[in-house]
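# Reading the structure
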There are 2 protein chains.
Amino acid sequence: MRTEGKHILMDISGCKPELLNDLTFLKQLLVEAAERANATVLNVAFHHFTPQGVSGVVVISESHLSIHTWPEAGYAAVDFYTCGDINPKAACKYIARFLNANCVQITEIRRGEGNNGKYLHRVAETILEEDGKELSLLP
Amino acid sequence: MRTEGKHILMDISGCKPELLNDLTFLKQLLVEAAERANATVLNVAFHHFTPQGVSGVVVISESHLSIHTWPEAGYAAVDFYTCGDINPKAACKYIARFLNANCVQITEIRRGEGNNGKYLHRVAETILEEDGKELSLLP
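Reference entry: report on the structure contained in this document. (Residues numbered from 1 in each chain as written. Chains lettered and ligands numbered in written order. Predicted model: local features only at pLDDT ≥ 70, side-chain atom pairs only at ≥ 80, totals over all residues. Heavy atoms only, no water.)

### Examining the packing of aromatic side chains
What counts, and what does not: When two rings of Phe, Tyr or Trp (its six-membered ring) have centres within 6.5 Å they constitute a pair, described as stacked for plane angles under 30 degrees, edge-to-face for angles over 60, and tilted for the intermediate range. Two thresholds decide whether a charge sits over a ring: the Lys NZ or Arg CZ must be within 6 Å of the ring centre and within 35 degrees of the ring normal.
On inspection of all chains with the given rule, the structure shows six aromatic pairs over all chains. Ring-pair connections join several aromatic residues into one group, and the members of that group are A:Trp70, A:Tyr75 and B:Tyr119. If you follow B:Arg111 out to its NZ or CZ, it ends over the ring of B:Tyr81, 5.3 Å from the centre.

### Brief notes about the pairing of strand β2 (residues 41–48) of chain B
Residues and elements named next belong to chain B. Note the following rule: Strand pairing follows a simple DSSP-based rule, namely that at least 2 bridges must link the two strands. By the criteria applied, helices consist of DSSP H or I runs no shorter than four residues and strands consist of E runs no shorter than two, each listed in order from the N terminus.
Strand direction decides the pairing type here: β2 and strand β3 (residues 54–60), joined by seven bridges, are antiparallel. Pairing of Phe 46 across the sheet is with Gly 56, part of β3. Joining the antiparallel neighbours β2 and β3 is a turn of five residues, in which Gly 53 adopts a positive phi near 110 degrees.

### As for the packing of helix α2 (residues 23–36) of chain A against helix α3 (residues 88–98) of chain A
Residues and elements named next belong to chain A. What counts is decided by this rule: Axes here mean lines fitted to C-alpha atoms, for a helix over just the part in contact, with angles spanning 0 to 180 degrees between N-to-C directions. When describing relative orientation, an angle under 35 degrees is termed roughly parallel and one over 145 degrees roughly antiparallel, while 65 to 115 degrees is termed roughly perpendicular and anything else oblique. Two helices that cross are described as forming a left-handed crossing if the nearer one is turned anticlockwise from the farther one by less than a right angle, and a right-handed crossing if clockwise. Here a residue-residue contact requires only that any non-hydrogen atoms of the pair lie within 4.5 Å. The residue classification treats Ala, Val, Leu, Ile, Met, Phe, Trp, Tyr, Cys and Pro as nonpolar and Asp, Glu, Lys and Arg as charged. All others, Gly included, are polar.
Two elements in contact, α2 and α3, have axes whose closest approach is 9 Å; the angle formed by their N-to-C orientations is 150 degrees. Regarding the angle of α2 to α3, the classification is roughly antiparallel. Taken as a pair, α2 and α3 cross one another with a handedness that is right-handed. On α3, the residues touching Phe 25, Leu 29, Leu 30, Glu 32, Ala 33 and Arg 36 of α2 are Ala 91, Tyr 94, Ile 95 and Phe 98. Of the residues in the contact of α2 with α3, the class split is eight nonpolar, no polar and two charged.

### Focus: the pattern of salt bridges
Two side chains of opposite charge can pair, provided their charged atoms sit close to one another. Residue and element names in this part refer to chain A. How we decide: When a carboxyl oxygen of Asp or Glu is within 4 Å of a side-chain nitrogen of Lys or Arg, the pair counts as a salt bridge. When a residue's accessible area, from a 1.4 Å probe over protein chains only, is under 20% of the maximum for its type it is buried; when over 50% it is exposed; and in between it is partly exposed.
In this structure the tally under the stated criterion is 17 salt bridges over all chains. The closest approach of N and O atoms between Lys 89 and Glu 125, which form a salt bridge, is 2.7 Å. Highlighted residues: Lys 89 in helix α3 and Glu 125 in strand β7 (residues 118–130), separated in sequence by 36 residues. For Glu 125, a relative accessible area of 25% corresponds to the partly exposed category. Each member of the salt-bridge network shares a partner with another, and the members are Lys 89, Glu 108, Arg 110 and Glu 125.

### Thoughts on the relation of the copies chain B and chain A
As a reminder, the rule being used: Superposition of the copies used a least-squares fit over C-alpha atoms from residues whose pLDDT is at least 70 in both.
Once chain B has been moved 0.0 Å along the axis and rotated by 180 degrees, it coincides with chain A to within an RMSD of 0.0 Å. One copy is carried onto the other by what is essentially a two-fold rotation axis. The C-alpha atom lying nearest the rotation axis in chain B is that of B:Ala45; the distance is 3.3 Å. Here 100% of the contact residues of chain B are again contact residues in chain A; the copies associate through an equivalent surface.

Quick look at the structure:
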């Protein structure tokens, strides 16, 4: 199996606090995002914190999708690690849209690039999306 | 709760293939690494692939620790996302040592750095460790 993977890190701000505190909604949203990206869901592990906040991970055959939320700050951290021919960036933007984020930062890291038995990663791209405008930042 | 987190991405090469294919061993190793870092383990989700390879995630109160392995290549991709006062880099190096890695690349990303209601991430450091020597690369 190919070792190359894409790892998307996304920080999203301005989200609706009540959505970031709703475990059932977030679980469904992440599973849907994974399935829309044609990933196969294998396992799901979510946890609700007291007084608020959710951590959750969806294990997929192409790797994993996770979310950690801070409802009091309207902030969530998402990462989507994939191998194979799926589009993790589109899935991340789908999540951001459903959480009503108004500021989205996405960094794409290429993992497992092999050379002489060594496998390395590198930052490929950073994007900042704010008020509907997309800026490409230097990696 | 503080939004700031450290997200460590680690690509490790030259690992023992039989260890990378041993779900029970990897689950124990990741739980131990999380506990040594003083993280509280909440949930564990692992999967063994056919013919080989393991994907696993440990959900911890300070976020998550994941591994994906390619035994045929001696390669594994690890990520450890933490909030609070724990040392994810030391835990990652502990994992690399137990898998007999001879080449380790670690990148530290700072997540959730807030400013005026916006939360962003940035690459803080990249380290390459090979044959016992540590090189600091530009982020």
